[in-house]
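Results of the structural survey
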Amino acid sequence: MTPTSKWAIRGISILAYLSLASLPFIYALARLQQVTGHTPWEALWRFSHVYGATEALHYTLLEATASAALTVVIGLPIAWCLGRYQWRRPAFFRALFSVPFVMPAIVAAMGFLLLVDDGGLLHTLGIDLRKETGLIGDLAARTGWDHPGHFIALIFAHAWFNLSLMIRFVEPTVARLDPAWEEQIGLLGQGRTRLGRFRHLWWPILGPAVLCAASLSFLFSFTSFALVKWLAPFNNTLESLMASYGGSAGIENYRVDTSEIVMSASMVQFLILLAALYLTSTLQQRHSTRFSLISEGGARSARGPPNWRARLIVYSGAGFTLAPMLAAFFASFRVREGSFTSGMAPQWSVEGWRAAWSGDLSTMGVGEALGNSLLYAFCTLCIALPTGWMLASSIHALELQHRPRMAKALDVLTLLPLAVSAVMVGLGVLLGVLKTMPALFQWSFLPVLPHVILTVPFVVRVMLPAMRAVEPEWKEQALVLNLNPLQTWYHGYFSFIRGPAIVASSLTVAFSLGEFGASWLIVRAGSWDTLSVVVDQLMSRPKFDPLIQPAAMAAATVLMAITFLLFFMAERFRSEGDGGGF
Amino acid sequence: MKLNALLLMCVLLFAPLTGCLEQTESNDDCSVLPAGHADDGVLRILTYDITALSETVTDEFTNQTGIPVEMIKVDDAGGILDQMMLTKSAQQADLMIGLDNTYLPTAIENCLLQPHAATPVNIASSASAFYAGDQAIPFDQGDVCLNYDEDALSEANMTVPTHLHNLTEEEWKGKIAFPSPVTSSPGRAFLVATMEYFSYETEGDAMAWWTDMLANDAIITTGWTEAYETHYTGGYGEYTEGYIGDAWMTVSYCHSPGVEAFYAENYTHSTSLMLDHSSFHQVEYTGIINGAAQVNGANLFIDYLLSTDVNTNMPENNLMYSVLEGTDLPETNGYRHHADVPSVVTTMTYEEIDANMDAWLDAWKAATQQA
Amino acid sequence: MSKKTVLKATNLAKSFGEIHVLNGLNLTLHDGEIVAILGPSGCGKSTLLRCLVGLEQPDSGELEIESHRGSKAIGYLFQKPILYPHLNVAGNIALGFEKKIPKAEQHTTIAQELSFVQMEGFEKRRVESLSGGESQRVALVRAMLGKPEVLLLDEPFSALDLETRRTLALQTRQWLKQRSTAAIHVTHDPEEATLIADRVLTWRELFSSEEE
């Protein structure tokens, strides 16, 4: 393929993706400008006058920062211990720690609520984060802090979600570092103390990875909505504020106030997140070019099996990860039963599972919904993987051609969908489709569109570092062996990014299953319902019928199990030296 | 060089598209609009998650008429109106099901509905009193009122309030949860009820009462679910995740205690606060969307929805009263026994709601922000 | 007796920015001859070899390869053995076959070649488990499998211990002579140069008059 035709293909993918990723936001912004009479910059200045916006911003910044910090505190020791020692089944742990990231937030919320509720694990330990009695109540009274229990539950839930970021970024780095580096620093004057080793070895090597994971944690916590709604019901973040009012935004001469709220909040959110994305991109670049790696097997075997401290840390982390999921699993078997004489009490029952499979309480049964989910996930994969690959390869090609600014711009642009409010994109997609191709609404594969937009950034984040890490000698060796172009590509390039490609694929499928972009589509037809939609549907209904909640938990359990299986299989296909990537 | 060309293409692509958005959609008269989408024989229903419209119900309709049904679901009744407003130029659905009488005037004013051809014969006057025109027809009804936890009041030795002003007193501080009228349909209905309630007082000021309620730490939630499940102690919320249980009173339906008993073998400790004019008679409507393609199917579905077979099941399938004359809640498990029926219903008319709803919402926001 | 010239570089020049790495380099290699080029680290020895094999393009000068196979007649051994981690030893060696041959024949040939470098039974070993010397032997076997007429060796033994360097240098010379393969071996070690080569040139000599 000639360079020109390569760039032509790259150009088309870049253009197509950037249009998909940015047009909805542009459409929505243009419409809101029309409805409110304010430009985006005016909306920015008017932010403090918008109902509830300032409080929401304060809360969002506070919880996002605290969540990111907590993610580091919890995740870093786990990543360190997992990467440093020779575990028998590192693939199992990696898969386990990856599952929370793609769980639908509502499932995570339910799981955490089960832990913090009356009779939940924390409550039995005397910590009441929900009703805020006892220790937490004292804390609230002494400090004047409103609802500290809800805040603590929320940041722990965010840390749970984002744990996998820390593991994925840091663990491979620790696992593959040449032990000679550590030995060397220990023999040098500056490295004789722990602090010295931290300053001169560990921080330079791990710092970018940790900060990268932390900035992504900040970003995801910032845009969190469902967890805030359920775990901190007395507070709003910018996203939950917009979600509350978003349905009536963008309509001429109707509820102009909601349009103002959405416009101002989304502009502030966009700017803050753009800054966070720029930082993420910069840190990841530094992280991926920082040092030379040796194979993972070599590094781990040098340190041997884990000691008791490492085991304690990793198993505790596994417990932390499993706890909400197990809570949801057990809740699927708890059905409350009423009695005129003795009131109500929960009983063990499989009726919830039966109702979930039969679809009596939802638009369809779990089996059919799962089939839809898998179909959409497959379609998403077929589009998102090549698109993300092409984008990553374009960024890398620009870097190799010494065009860092353009590479950086494209890098940040691919992350753009993560900076944009779901409400805005939903509105923009609706408006855009209405204007251009209204018939598209009837197209049953329309939900694939938001899935693709949201999964491509992750494909890029996984593939790009892997591409950067491929040394040119691999290709050069193939050339001097006179291998044909396909063989040269395979041995000199693809074999090194096959592992990350598998990771990217499993992430894409898992995100699609978890319906990450579901909220983007305001309009959803019943026949398209996926597993995640069924869970959401059941959880949103009035639960007078005692079977609704266990049925929702049953559907959520199926979703969790499929996701774990997916990641576990992906880990098995990755060879030991492939590293984690994202 | 190559990427500069790419960027230029992006600009050229975006520019004409943003120009498109400057066209204003307007339809000055309420004439019937042409179909917003192609008629492929499928009836598309725009609704929120109405449990009465299960797959069984829609499949039966298809069996009877040969017309397949697709549901387009939004979050709540307000979402139905929002969706119709947003897609005015190219409506994607044919039939709407779920707008209530606080939203209907806005929908009609904005020409979002068109006359239907259904002629049901036995609609109860309680359902048809509010609106008897041909652009919408009621399919279920219920009274929105305050519910309270009998056991909680009894344990605290508190008397049942005899006036809404009682709720601004110290003993009720932080113990009432209201779904916001801005974002919740029952919340909106209750706001209208308070407007009516205080209009019967000399110098009655509903907004002052709301300000006082917020000053008394009333809990405002986004939707009914949060208020009823998370905060209210009188209902099933105790057995759901995330229960806080800090409110002994909330807004729901006067027959909600009956629903509780229906599912709990005739057990409930929730009951309704029966103060004259403090409840709002909510009626939910169905109507053909202006710009529908499958008008015939829509008319047939309206008839089907109002048929005895389907509509008499509203209490069990949709937890609301049927609109058919001579029907009532079932007696099973104390459903009817525990359902409260207000003796004095709202007198708020279509014209009053049409003229004032937006102003009431703005006033509420201002009043509650003051607190 | 006039020897057939197999490779000739005349006035080769190569710069990287302001740095002139090669500036009027001349080198002639005869059929079956092993030439060692001695020079300090960083003088441009690797750059010369990369230009000869085509991994870099010289800025000016002429390069003639007297073979009908053109540049395919040249083999190359990197300083660090580049063995693909996703293939085992046999898989890496098999990459060196010029044409597709039946599996059984591949297997036999690889076994023979491995025994030549005293690595019998290493076919299924993972490349990460090999020592430095073993890795370089595998790389050498692979490079020779393509039957190059000229083999370029870019300080392949520099990371190894003295004993292994000597052994490998002698083995490599033996093997090259057996197959009448010409070679250019760059190194900074005079003893290694003497062991392996027929002719030792210093780096400076390459830039004097036309080399013979």
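Worth saying up front: this structure is predicted, and the values here are computed from it rather than measured.

Concerning the overall build of chain B
Broken down by element type, chain B carries 15 helices and 11 strands. Compactness check: chain B gives a C-alpha radius of gyration of 23 Å against a globular reference of 21 Å for 371 residues, within 12% of the reference. Counting across all 371 residues of chain B, residues that qualify as buried make up 53%.

A word on the nonpolar core
One finds A109, L231, M463, V535 and A555 of chain A together with L95 of chain B to be the most contacted residues of the largest nonpolar core, which totals 300 residues. At 18 residues, the largest contribution of residues to this core is made by helix α8 (residues 148-176) of chain A. Both of domain 1 (37-141 + 282-332) and domain 2 (143-281 + 333-370) of chain B provide at least three residues apiece to this core. Excluding residues that lie within four positions of it along the chain, V535 of chain A makes contacts with P104, I106, V107, A552, A555, A556 and L559 of chain A. V480 of chain A together with A9, I93 and I196 of chain C belong to the second-largest nonpolar core, a separate cluster that totals 60 residues.

Some thoughts on the interface of chain B and chain A
With 59 residues of chain B at the interface, the matching set in chain A holds 59 residues. The set of elements that each furnish at least two residues to the side of chain B that touches chain A consists of α1 (2-20), β2 (69-73), α3 (77-86), α9 (224-231) and α10 (256-263) of chain B. The element best represented in the side of chain B that touches chain A is α1 of chain B, accounting for 9 residues. Considering only residue class, the side of chain B that touches chain A consists of 24 nonpolar, 20 polar and 15 charged.

Section: the sheet that holds strand β5 (residues 74-77) of chain C
Residues and elements named next belong to chain C. Pairing is parallel across the open sheet formed by 5 strands, whose spatial order is β5-β6-β7-β3-β8. Where the open sheet ends on each side, the last strands, each with one partner, are β5 and β8 (199-202). Here the average twist between neighbouring strands, direction ignored, is 20°. Here β5 pairs with strand β6 (residues 150-154) via 4 bridges, running parallel. Bridging from a neighbouring strand, Y76 pairs with L152 of β6. Taken strand by strand, helix α4 (residues 132-145) contacts β5 and β6, and its axis lies near 175° from that of β5.

A few points about the interface of chain C and chain A
Chain C puts 15 residues into the contact, and the matching count from chain A is 15 residues. Taken together, the residues that form the side of chain C that touches chain A break down as 8 nonpolar, 4 polar and 3 charged.

Digging into the pairing of strand β2 (residues 343-348) of chain A
Residue and element names in this part refer to chain A. Where strand β1 (residues 334-339) lies against β2, 6 bridges are found, and the strand directions are antiparallel. If you follow R336 over to β2, its bridge partner there is P346. Adjacent in sequence and paired antiparallel, β1 and β2 are bridged by 3 residues.

Section: the packing of α4 of chain C against helix α5 (residues 162-178) of chain C
Residues and elements named next belong to chain C. Put simply, α4 and α5 touch, their axes get as near as 11 Å, and they point 10° apart. Between α4 and α5, the angle is such that the two are roughly parallel. Taking contact as the criterion, the partners of G133, Q136, L140 and M144 in α4 are, on α5, T164, L168, T172 and W175.

Considerations on the domain arrangement of chain B
All names here are of chain B. Domain boundaries in chain B define domain 1 (37-141 + 282-332) and domain 2 (143-281 + 333-370). In this structure, domain 1 and domain 2 have C-alpha centres spaced 27 Å apart. Listed by partner, the interface residues are 22 residues for domain 1 and 20 residues for domain 2. Contributions of two or more residues to the side of domain 1 that touches domain 2 are made by α3, α4 (104-109) and β10 (280-289). In terms of residues, the side of domain 1 that touches domain 2 owes the most to one element, α4, which gives 3 residues. Partitioning the side of domain 1 that touches domain 2 into residue classes produces 9 nonpolar, 8 polar and 5 charged.

A short note on unusual backbone geometry
Negative phi characterises most residues that are not glycine, and trans characterises most peptide bonds. One non-glycine residue, N333 of chain B, adopts positive backbone phi at about 55°. Along the chain, N333 of chain B turns up in the loop between β11 (321-322) and α14 (335-338).

Comments concerning the pairing of strand β5 (residues 137-149) of chain B
Residues and elements named next belong to chain B. Counted residue by residue, β5 has 13 buried out of 13 residues, so it is predominantly covered. Two strands pair when backbone bridges link them, and β5 and β10 are joined in this way by 7 bridges, in the antiparallel orientation. By the bridge assignment for β10, I137 is matched with T286. Examined bridge by bridge, β5 and strand β8 (residues 249-253) share 5 bridges and lie antiparallel to one another. Residue pairing in the sheet places L146 in a bridge with V251 of β8. The sheet contact formed by β5 and strand β9 (residues 270-272) spans 3 bridges and is antiparallel. Paired with Y148 across the strands is T271, a residue of β9.

Things to note about the confidence of the model for chain B
All names here are of chain B. With 92% of its residues at a pLDDT of 70 or more, chain B shows a mean pLDDT of 88. Averaged over each element, pLDDT in chain B is lowest for α1 (40) and highest for β8 (98). Segment residues 1-28: pLDDT under 50, and 25 contacts once partners within four positions in sequence are set aside and those in other chains are kept. Quick note on the complex model: pTM equals 0.80, ipTM equals 0.83.

Quick notes on the rules
Residues numbered from 1 in each chain as written. Chains lettered and ligands numbered in written order. Predicted model: local features only at pLDDT ≥ 70, side-chain atom pairs only at ≥ 80, totals over all residues. Helix = DSSP H or I, 4+ residues; strand = E, 2+ residues; numbered from the N terminus. Rg over C-alpha atoms; globule rule 2.2 N^0.38 Å. Buried ≥ 20, exposed ≤ 12 C-beta atoms within 10 Å, placed from the backbone. Core = buried A, V, L, I, M, F, W, Y, C linked by C-beta atoms within 7 Å. Domains from an automatic or database assignment. Contact = placed C-beta atoms within 7 Å. Nonpolar A, V, L, I, M, F, W, Y, C, P; charged D, E, K, R; others polar. Pairing = 2+ DSSP bridges. Axes fitted to C-alpha atoms, helices over the stretch in contact; angles between N-to-C directions. Parallel < 35°, antiparallel > 145°, perpendicular 65-115°, else oblique. pLDDT = per-residue confidence, 0-100.

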